[in-house]
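Coordinates in review
Chain by chain, the residues:
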Amino acid sequence: MKNILGTAIGASIDRRDGDSGVKGALLGYFASGAVKTVAKLGILAAVGAGAVHMARRIANR
């Protein structure tokens, strides 16, 4: 569902320029997948940073 939404938004943005919307639809499709991947990596980095912080606090006791 997210890919369909990204495709539709990308196509509508590309049509504003007078183009067919195909290029925008493709960019929207790939952008929605990229956002999903970046969000997962961000969550992983936050959990990792929290674990390192806790480990340092415990080691300094």
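Not measured: the values here are computed from a predicted model. (Residues numbered from 1 in each chain as written. Predicted model: local features only at pLDDT ≥ 70, side-chain atom pairs only at ≥ 80, totals over all residues. Heavy atoms only, no water.)

Glancing now at the overall build of the protein chain. In terms of helices and strands, the protein chain carries two helices and zero strands. Across the 61 residues that make up the protein chain, the buried fraction comes to 15%. Of the roughly 5,100 Å² of accessible surface on the protein chain, a fraction of 69% belongs to carbon and sulfur atoms. (Helix = DSSP H or I, 4+ residues; strand = E, 2+ residues; numbered from the N terminus. Buried < 20%, exposed > 50% of the residue type's maximum accessible area, 1.4 Å probe, protein only. Areas by Shrake-Rupley, 256 points an atom, 1.4 Å probe, with all protein chains shown as cover.)

Attention shifts here to the environment of Ala11. Mapped onto the fold, Ala11 is located in helix α1 (residues 2-16). Residue class for Ala11 comes out buried when judged on its relative accessible area of 7%. Measuring from C-alpha to C-alpha, the distance between Ala11 and Gly24 comes to 4.5 Å, with 13 residues separating the pair along the chain. The contacts of Ala11, once residues within four sequence positions are left out, are Gly21, Gly24 and Ala25. (Contact = heavy atoms within 4.5 Å.)

Inspection of the secondary structure assignment puts Ile13 in helix α1. Overall, Ile13 belongs to the partly exposed group, its relative accessible area being 48%. Along the backbone, Ile13 and Gly28 are 15 residues apart, and their C-alpha atoms lie at a distance of 9.4 Å.

Another point: helix α2 (residues 22-59). Over its 38 residues, α2 runs 56 Å from end to end, which matches the ideal 56 Å to within 8%, given 1.5 Å per residue. Regarding α2, the residues found buried are Gly24, Ala25, Gly28 and Ser32. (Expected span 1.5 Å × (residues − 1).)

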